[in-house]
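# Descriptive structure summary
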Amino acid sequence: MDSSAWIALALSLKVAGCATGLNLILGMAAGFVLARKRFPGRDLLDAALTLPMVLPPTVLGYYLLVVIGKRGWLGSWLYETLGINLIFTWQGAVIAATLVAFPLVHKAARAAFENVDPQLENAARVLGLGEWAVFFRVSLPMAWNGILAGVLLAFARALGEFGATLMVAGSIPGKTQTLSIAVYEAVQAGQDSTANTLVLITSIVCVAVLLSAGRLSKART
Amino acid sequence: MKMLLSFALMAVSLGAQSADLTVSAAASLTNAFKALAPAFEARNPGTRVLLNFAASDALLAQIAKGAPVDVFASADQETLDRAQAQQLLVAGSRRDFAINALVLITPIDGAVQLATLADLRHPEVKRIALGKPEGVPAGRYAKGALEAAKLWQVVEPKAVYATNVRQALDYVARGEVEAGFVYATDAAVQKGRVKVAFSLPTAVPIRYPVALVAGGPNAEAARKFVDYLLSPAGQAVLAKYGFQKP
C-alpha cells in the first residue's frame, strides 16, 4: 500500500495525540475553575472558551494566521526573539487542533466537576487535606469519567480537524499533511484510488477510536 | 471529503435555474471572470452567470463526478486533454482564449533578492509556495521550469504546496514564505503586497483553453459565453487583467 498514507496517518495520530494531551490539562483546569470559582465575567469567559466549537474552522484558521503568522502580533514576536515560526509546521497543526477540540474537554470537565458534591470536598478539607490534595484525591477521581468522555471526543475531533489546520499548517506531505487534508487533496486532484485508500484508513481508525472509547467507559462504570 | 464534494454538487444543482449559466474557471481567472460575468449578463438579459473557481484539476474532478457545469475554462491544456479523453466536453468546442506567464514573486518587503532561479538555493529562502503539481496547473508549470533548470531537488524540500494558485499568492502576500510561483496576472492582483522577481520561461506556453461541457444544462448560453470570451469586448476585459491574446 501507498506509504504516504501511513505517513499521513502517523502524523494525524501525532497531532491529535499532542492536541489531546494539551487539552486534557488546559480543559481540565478551565473546567475546574469555571465550575468552582465565582468571578465577574465568568459567563463571558465560558462563552469565549466555547467559541471554537461554534465558529467556522476557516474563521479560526484566519484568527490563528493573524495571531501566530510571521507578521501576526504573537507570531512576529516569537519569530524575532526566539526564531520560532509556527506556520507550516506540525506544531502549528497541533495548535489548530487543540483550539478546535478544546471546548469538548472544557465543557465535559466543567459539567463533571459541577456534579462533584462540594460537601465531599469540604469534608476532605475538614479532615486536613490541602487544596491540591482535595483536587487530586477527591474532585478529580470523582469527575474523571466525565472528563475522559470529553477527552476521547476531543481526540476524535482533533483527528478529523481540517479547515483551520489547512489554513495554518498548509499541506506539506510528510510534514503537515494529515489524513483529512490528504483526502481532500486526492479528491481535488481527481486521484480517486488514493482517496479510497485514505478514506478506508480514516474510517477504520475512527471506528477503532469509538470502540475503545466504548470499552473504556464500560470498564470505568 | 467525498461527502463535501457531493454536497457541493448538490448545492450547485439545487441553486441552478434554467436561465443560469454555470462557468467553472481556473482560480487565476477569478478577477477577470468576475468582471466578465456582469458584462455578459448585460448583453444577455435573463441569463445569470454562476462562477465556480478552483484549481483546474479540482474543477475537472467535479465535472467528472457529474457537476452540472456549462463552460470549463482551464489554466492548462493538459487538464482539458484529460477532460476530452473522458469525453466530458462537447466535441469541437475547445478554443484557446488567453495567454499568461509564470513569475517568481517575493513579499514586497522581502529581505531576499532573487535574480535567478538558482538564488532559490540561498539558505535565507526557507519556504517556497507553489501549487501542488498533482492538482494545480501553476504548480505543474513551476515544477517543469525548475526541473528544466535542474533545481527541483533544491526547491522540493522547501516547498509549501497550495491547493490553488491564489493560495500560493496569499502565502507570499502574508510573508509566510520567502518566495512563490504564480501567474503574472495573480501577482498584479496583490501589487501592493508582492513584487515580481522575474518571469520564467515554460516548456509549453501557458495557454488557457475553454470548452463546452457535454450535457451542460444551458448549452445555448454556454456557446454565447465562449463567443463573448473570444470577442474583442471579452478580450479587452481579459487584457485589463493582464492576460494576453492567444
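The structure we're discussing is the one just above.
A quick note: this is a predicted structure, and the numbers were derived from the prediction, not measured.

Criteria and thresholds
Residues numbered from 1 in each chain as written. Chains lettered and ligands numbered in written order. Predicted model: local features only at pLDDT ≥ 70, side-chain atom pairs only at ≥ 80, totals over all residues. Helix = DSSP H or I, 4+ residues; strand = E, 2+ residues; numbered from the N terminus. Contact = placed C-beta atoms within 7 Å. Buried ≥ 20, exposed ≤ 12 C-beta atoms within 10 Å, placed from the backbone. Pairing = 2+ DSSP bridges. Right-handed = clockwise from strand over helix to strand, strands pointing away.

## Some points on the overall build of chain A
- Along chain A, the regular secondary structure elements total 10 helices and 0 strands.
- Along chain A, from the amino end to the carboxyl end, the secondary structure elements read α-α-α-α-α-α-α-α-α-α.
- When its C-alpha atoms are laid out on the principal axes, chain A stretches across 65 × 45 × 30 Å.
- Considering only contacts within chain A whose residues lie at least 6 apart along the sequence, 74% involve residues at least 24 apart.

## Let's talk about the environment of A111(B)
- Tracing the backbone through its elements, the reader meets A111(B) in the loop between β5 (102–107) and β6 (128–131).
- The spatial distance from the C-alpha of A111(B) to the C-alpha of E124(B) is 8.6 Å, given a sequence separation of 13 residues.

## Structural notes on the pairing of strand β7 (residues 159–162) of chain B
Residue and element names in this part refer to chain B.
- Neither face of β7 is exposed, since A159 and Y161 on one face and V160 and A162 on the opposite face are all buried.
- Alignment of β6 against β7, held across 4 bridges, turns out to be parallel. Looking at the pairing, G131 lines up with A162 of β7.

## Considerations on the environment of F88(A)
- The residue F88(A) is located in the loop between α4 (73–82) and α5 (90–114) in this model.
- Separated by 77 residues in sequence, F88(A) and T165(A) have C-alpha atoms that sit 9.3 Å apart.

## Structural notes on the pairing of strand β1 (residues 20–26) of chain B
Residue and element names in this part refer to chain B.
- Among the 7 residues that make up β1, 6 are buried, leaving the element largely enclosed by the rest of the structure.
- Bridge count for β1 against strand β2 (residues 48–54) is 7 bridges, and the pairing is parallel. Paired with T22 across the strands is L50, a residue of β2.
- Taken together, β1, helix α2 (residues 30–43) and β2 form a β-α-β motif whose crossover is right-handed.

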